[in-house]
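The chain contents come next:
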Amino acid sequence: CSSDLANRLLREVAADGDLADTLRADPDAAFAGRDLSDQERAALAANDIRRLYLLGVHPFLLWNYALRLGGGFSLPLARSYLDQLKGLDATDLET
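About the thresholds
Residues numbered from 1 in each chain as written. Predicted model: local features only at pLDDT ≥ 70, side-chain atom pairs only at ≥ 80, totals over all residues. Heavy atoms only, no water. Helix = DSSP H or I, 4+ residues; strand = E, 2+ residues; numbered from the N terminus. Rg over C-alpha atoms; globule rule 2.2 N^0.38 Å. Buried < 20%, exposed > 50% of the residue type's maximum accessible area, 1.4 Å probe, protein only. Contact = heavy atoms within 4.5 Å. Salt bridge = Lys/Arg side-chain N within 4 Å of Asp/Glu carboxyl O. Axes fitted to C-alpha atoms, helices over the stretch in contact; angles between N-to-C directions. Parallel < 35°, antiparallel > 145°, perpendicular 65-115°, else oblique. Left-handed = near helix turned anticlockwise from the far one by under 90°.

Draft legend 1. Seen up close, the overall build of the protein chain. For the protein chain, the helix and strand inventory stands at seven helices and zero strands. The secondary structure elements of the protein chain, listed N-terminal to C-terminal, are α-α-α-α-α-α-α. Here the C-alpha radius of gyration of the protein chain, 12 Å, is about what a compact globule of 95 residues would show, namely 12 Å. In terms of its C-alpha atoms, the protein chain occupies a principal-axis envelope of roughly 35 × 30 × 20 Å. Classification of the 95 residues of the protein chain by burial places 36% in the buried group. For the protein chain, the proportion of contacts with a sequence separation of at least 24, taken over those separated by at least 6, is 57%.

Draft legend 2. Spatial organisation of the pattern of salt bridges. What the rule picks out here adds up to three salt bridges. With a shortest N-O distance of 2.7 Å, glutamate 12 and arginine 34 are connected by a salt bridge. Of this pair, glutamate 12 sits in helix α1 (residues 2–15) while arginine 34 sits in the loop between α3 (27–31) and α4 (38–45), placing them 22 residues apart in sequence. For arginine 34, a relative accessible area of 23% gives the class partly exposed. For the salt bridge of aspartate 83 with lysine 86, the shortest nitrogen-to-oxygen distance reads 3.5 Å.

Draft legend 3. Here's a closer look at the packing of helix α6 (residues 59–69) against helix α7 (residues 75–85). Two elements in contact, α6 and α7, have axes separated by 11 Å at closest approach and are oriented at 140 degrees. As summarised for this structure, α6 and α7 are arranged oblique, according to the angle between their axes. Considering the relative orientation of α6 and α7, their crossing is right-handed. Taking contact as the criterion, the partners of Pro59, Leu62, Trp63, Ala66 and Leu67 in α6 are, on α7, Leu77, Ala78 and Tyr81.

What follows is the structure in C-alpha coordinates.
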(Lines give C-alpha, C1' and ligand atoms only; values in the text may rest on other atoms or scores of the structure.)
Protein backbone atom coordinates (compact mmCIF):
# COMPACT_ATOMS: atom_id res chain seq x y z
CA CYS A 1 0.00 0.00 0.00
CA SER A 2 1.38 3.38 -0.94
CA SER A 3 0.30 5.03 2.32
CA ASP A 4 2.61 2.56 4.11
CA LEU A 5 5.47 4.05 2.11
CA ALA A 6 4.33 7.57 2.94
CA ASN A 7 4.13 6.58 6.61
CA ARG A 8 7.68 5.26 6.43
CA LEU A 9 8.90 8.56 4.94
CA LEU A 10 7.06 10.57 7.62
CA ARG A 11 8.68 8.43 10.32
CA GLU A 12 12.12 8.89 8.73
CA VAL A 13 11.66 12.67 8.38
CA ALA A 14 10.57 12.93 12.03
CA ALA A 15 13.70 11.07 13.12
CA ASP A 16 16.25 12.55 10.72
CA GLY A 17 16.83 16.30 10.59
CA ASP A 18 19.01 15.96 7.48
CA LEU A 19 16.21 14.22 5.59
CA ALA A 20 13.79 16.92 6.76
CA ASP A 21 16.17 19.57 5.40
CA THR A 22 16.40 17.69 2.10
CA LEU A 23 12.62 17.47 1.87
CA ARG A 24 12.33 21.23 2.39
CA ALA A 25 15.10 22.12 -0.08
CA ASP A 26 14.70 19.45 -2.76
CA PRO A 27 11.65 17.22 -2.38
CA ASP A 28 12.54 15.14 -5.44
CA ALA A 29 15.84 14.18 -3.79
CA ALA A 30 13.96 13.13 -0.64
CA PHE A 31 11.60 11.02 -2.77
CA ALA A 32 14.38 9.27 -4.72
CA GLY A 33 13.93 5.51 -4.67
CA ARG A 34 10.52 5.75 -2.97
CA ASP A 35 7.42 4.42 -4.68
CA LEU A 36 5.07 7.20 -3.59
CA SER A 37 1.93 8.16 -5.47
CA ASP A 38 1.82 11.48 -7.30
CA GLN A 39 -0.72 12.71 -4.72
CA GLU A 40 1.59 11.79 -1.85
CA ARG A 41 4.56 13.45 -3.52
CA ALA A 42 2.59 16.65 -4.09
CA ALA A 43 1.23 16.72 -0.53
CA LEU A 44 4.66 16.04 0.98
CA ALA A 45 6.38 18.63 -1.22
CA ALA A 46 3.78 21.22 -0.20
CA ASN A 47 3.77 20.09 3.45
CA ASP A 48 -0.01 19.77 3.06
CA ILE A 49 -1.00 18.29 6.41
CA ARG A 50 -4.70 18.07 5.56
CA ARG A 51 -4.10 16.24 2.28
CA LEU A 52 -1.66 13.82 3.90
CA TYR A 53 -4.26 13.03 6.56
CA LEU A 54 -6.91 12.49 3.89
CA LEU A 55 -4.52 10.21 1.99
CA GLY A 56 -4.41 7.94 5.02
CA VAL A 57 -1.11 8.60 6.74
CA HIS A 58 -1.03 7.70 10.41
CA PRO A 59 -2.06 10.73 12.55
CA PHE A 60 0.69 10.10 15.14
CA LEU A 61 3.37 10.04 12.43
CA LEU A 62 1.84 13.11 10.80
CA TRP A 63 2.10 15.13 14.02
CA ASN A 64 5.73 14.13 14.55
CA TYR A 65 6.52 14.94 10.92
CA ALA A 66 4.91 18.38 11.36
CA LEU A 67 6.92 18.95 14.53
CA ARG A 68 10.20 18.20 12.73
CA LEU A 69 9.41 20.37 9.72
CA GLY A 70 8.08 23.12 11.96
CA GLY A 71 11.25 23.25 14.05
CA GLY A 72 9.74 21.71 17.19
CA PHE A 73 6.71 22.47 19.29
CA SER A 74 5.32 25.98 19.45
CA LEU A 75 1.81 27.31 19.92
CA PRO A 76 1.73 28.80 16.40
CA LEU A 77 2.74 25.42 14.96
CA ALA A 78 0.05 23.62 16.96
CA ARG A 79 -2.58 26.16 15.87
CA SER A 80 -1.57 25.88 12.23
CA TYR A 81 -1.61 22.08 12.41
CA LEU A 82 -5.05 22.00 14.01
CA ASP A 83 -6.40 24.60 11.59
CA GLN A 84 -5.35 22.39 8.67
CA LEU A 85 -7.29 19.46 10.15
CA LYS A 86 -10.36 21.46 11.20
CA GLY A 87 -13.59 19.74 10.29
CA LEU A 88 -12.07 16.31 9.74
CA ASP A 89 -12.53 13.20 11.81
CA ALA A 90 -11.23 9.62 11.72
CA THR A 91 -13.88 8.61 9.18
CA ASP A 92 -12.21 10.94 6.64
CA LEU A 93 -9.12 8.73 6.36
CA GLU A 94 -8.51 6.81 3.11
CA THR A 95 -7.18 3.49 4.35
